[in-house]
Amino acid sequence: MAQPLVVLQDVNKHFGDLHVLKSIDLSVDKGEVVIVIGPSGSGKSTMCRTINRLETIESGTITIDGKPLPEEGKDLAQLRADVGMVFQSFNLFAHKTILDNVTLGPIKVRKKSKSQAEKDAMALLERVGVQEQAHKYPAQLSGGQQQRVAIARSLAMEPKVMLFDEPTSALDPEMINEVLDVMVGLAKDGMTMIVITHEMGFARKAANRVVFMDDGQIVEQATPQEFFTNPRSARAKDFLAKIL
Ligand code: ADP
Ligand code: MG
C-alpha cells in the first residue's frame with residue numbers, strides 16, 4: 001500500500017475554553033475525494049485550516065506525503081503551495097489582473113519565468129473557462145468566474161492536495177454549477193481533494209468518502225451512497241433530516 005497523502009493523527013485544538021478539534025484522525029489517499037459535512041460550528045473549517053497550517057494545533061501530528069508540517073519560513077510557503085486552498089470568499093488580489101493573480105505564486109514560490117508562468121496560467125484559465133477575462137480585474141467578473149479564477153490560481157502552484165471550504169456557498173444559485181463542474185473535472189483528473197460542502201450533487205458525482213463532523217469530532221465516515229441513504233449515527237440522521 002502506498003502511504004496516504006494527508007494524515008491527521010490525534011489532532012487537538014482549543015480556542016480558549018472551546019475544544020474545537022477533539023482527537024481527530026483522518027487519512028486521505030492520493031487521488032481520493034473526501035467531503036466534510038456537519039453542522040455549523042462543528043470544526044470543519046478549523047480542521048481544514050490546520051492542514052495548511054493557517055491554524056496551529058496543540059497536540060497530535062499532521063503529515064503531507066509522509067512529512068510533518070513545517071513550523072515557519074520558506075518551508076511554510078512551500079507547504080501552502082503543496083496544499084491549495086479555496087475559500088468561500090474568493091480572496092483574489094483586487095488590484096491585480098486575473099492573469100497576474102494566477103502567475104504571482106508560480107513566479108515567487110515555484111521560481112517560474114514570467115513567460116512560462118503566463119503560458120501555464122492561460123492554459124489553466126482556459127481549463128476553468130475564464131480565459132477571456134485574463135486581462136480584467138476581479139471586480140469585473142461574476143462571483144462564479146472569480147471562484148473559478150481562485151481555483152486556477154491554486155492549481156498554478158501544482159498542489160498535491162486541494163482544500164475547498166464551502167466554495168459555492170457565497171455564490172448566486174445560477175453560478176454554483178459552473179464552479180462544481182470545474183471541481184468534478186478536477187476530481188476526475190485524479191486531484192486529491194478535501195471539500196467542505198453540503199452540495200449533494202457534487203458528493204454523488206465526485207466523492208469517494210463522506211466525513212461527518214459534529215462538536216469537534218469525526219463521528220462517522222462512509223461512502224456518499226451509504227451516508228446519505230443509511231447514516232449510522234443518531235447525530236448524522238438528525239443532521240441529514242435538517243438539510244435534506
Ligand atoms: P465549521 O466550519 O464547522 O462551521 P469552525 O471550524 O469554523 O466550524 O468553528 C468551530 C468552532 O470554533 C465554532 O464554535 C467557532 O465559533 C469557533 N472558532 C472558529 N475560529 C475561531 C477563532 N479564530 N477564535 C475563536 N473561536 C473560533
Ligand atoms: Mg466553516
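None of the values given here were measured: they were computed from a predicted structure. (Residues numbered from 1 in each chain as written. Chains lettered and ligands numbered in written order. Predicted model: local features only at pLDDT ≥ 70, side-chain atom pairs only at ≥ 80, totals over all residues. Heavy atoms only, no water.)

Looking at this structure, how should I read helix α5 (residues 143–155)?
Note: α-helices contain 3.6 residues per turn, so residues at a spacing of three or four share the same orientation. Given a rise of 1.5 Å per residue, 13 residues ought to cover 18 Å, and the 18 Å separating the end C-alpha atoms of α5 matches this to within 8%. Most of α5 sits inside the fold, with 13 of its 13 residues counted as buried. (Helix = DSSP H or I, 4+ residues; strand = E, 2+ residues; numbered from the N terminus. Expected span 1.5 Å × (residues − 1). Buried < 20%, exposed > 50% of the residue type's maximum accessible area, 1.4 Å probe, protein only.)

Looking at this structure, how should I read the UniProt feature "domain: ABC transporter" (unreviewed entry) in the protein?
Within this structure's numbering, the places UniProt gives as "domain: ABC transporter" (unreviewed entry) are residues 6–240. Across residues 6–240 one finds 39% helix and 26% strand; the C-alpha atoms that close the span lie 27 Å apart. (UniProt positions renumbered as here; feature names shortened; annotations may be inferred.)

Whenever I open this one, the site of ligand 1 confuses me. Can you help?
The immediate surroundings of ligand 1 are formed by Phe 15, Leu 18, Val 20, Pro 39, Ser 40, Gly 41, Ser 42, Gly 43, Lys 44, Ser 45 and Thr 46. Side-chain polar atom of Lys 44 to an oxygen atom of ligand 1: 2.8 Å apart, as the coordinates give it. Within the complex, 58% of the 560 Å² of free accessible area of ligand 1 lies under protein. Residue assignment for the shell around ligand 1 shows that the elements contributing at least two residues are β2 (18–28) and α1 (44–51). Sorting elements by how many residues they give to the shell around ligand 1 places α1 first, with 3 residues. (Near = heavy atom within 4 Å. Polar contact = N/O pair within 3.5 Å; in protein donor to acceptor, adjacent residues only side chain to side chain. Areas by Shrake-Rupley, 256 points an atom, 1.4 Å probe, with all protein chains shown as cover.)

In this structure, what is going on with the layout of surface pockets? I would like to understand it.
Any empty space left between atoms is shown by rolling a water-sized probe over those atoms. The computed volume of the largest pocket comes to approximately 520 Å³. Taken together, 23 residues make up the lining of the largest pocket; nearest its centre are Arg 80, Phe 93, Arg 153, Ser 154 and Met 157. Those elements that provide at least two residues to the lining of the largest pocket are α2 (74–82), β6 (83–86), α3 (98–108) and α5. Its residues assigned to classes, the lining of the largest pocket comprises 13 nonpolar, 7 polar and 3 charged. For the second largest pocket, the calculated volume is near 210 Å³. In terms of lining residues, the second largest pocket is bounded by Thr 50, Arg 53, Glu 55, Thr 56, Ile 57, Gly 60, Thr 61, Ile 62, Pro 68, Leu 69 and Glu 71. Element by element, the count of residues in the lining of the second largest pocket is highest for strand β4 (residues 59–64), at 3 residues. Residue classes in the lining of the second largest pocket are distributed as 4 nonpolar, 4 polar and 3 charged. (1 Å grid on protein atoms, 1.4 Å probe; cavity = no way out; pocket = protein on both sides within 12 Å on 5 of 7 lines; lining within 4 Å. Points joined across faces, edges and corners; volume = space filled by probe spheres on them. Nonpolar A, V, L, I, M, F, W, Y, C, P; charged D, E, K, R; others polar.)

Before we go on, may I ask you to explain a positive patch on the surface in this structure?
Together, Lys 74, Lys 96, Lys 108 and Lys 111 give the surface a local cluster of positive charge. With respect to the element layout, Lys 74 can be found in helix α2. (Patch = residues over 30% accessible without salt bridge, like charges linked within 9 Å, V, L, I, M, F, W, Y side chains within 5 Å. Salt bridge = Lys/Arg side-chain N within 4 Å of Asp/Glu carboxyl O. Lys, Arg positive; Asp, Glu negative; His and termini not counted. Charge placed at Lys NZ, Arg CZ, Asp CG, Glu CD.)

What's the story with the sheet that holds strand β5 (residues 67–68) in this structure? I'm lost.
Note on sheets: strands pair through backbone hydrogen bonds, and any given pair is parallel or antiparallel. The sheet built from 4 strands is open, its strands ordered β2-β1-β4-β5 with antiparallel pairing. Across the chains shown, the open sheet's two edge strands, defined by having one partner strand only, are β2 and β5. Where β4 lies against β5, 2 bridges are found, and the strand directions are antiparallel. Within β5, the residue paired with Ile 64 across the bridge is Lys 67. (Pairing = 2+ DSSP bridges.)

Can you walk me through the packing of α5 against helix α6 (residues 173–188) in this structure?
Geometrically, a packed helix pair is captured by the angle between its two axes and the distance between the axes. Interaxial distance between α5 and α6 falls to 8 Å at its minimum, and their mutual angle equals 20°. It follows that α5 is roughly parallel to α6 by the angle criterion. For the crossing formed where α5 meets α6, the hand is right-handed. From α5, Gly 143, Gly 144, Gln 145, Gln 147, Arg 148, Ile 151 and Leu 155 reach across to α6, where they touch Met 175, Glu 178, Val 179, Val 182, Met 183 and Leu 186. A class-by-class count of the residues in the contact of α5 with α6 yields 7 nonpolar, 4 polar and 2 charged. (Axes fitted to C-alpha atoms, helices over the stretch in contact; angles between N-to-C directions. Parallel < 35°, antiparallel > 145°, perpendicular 65-115°, else oblique. Left-handed = near helix turned anticlockwise from the far one by under 90°. Contact = heavy atoms within 4.5 Å.)

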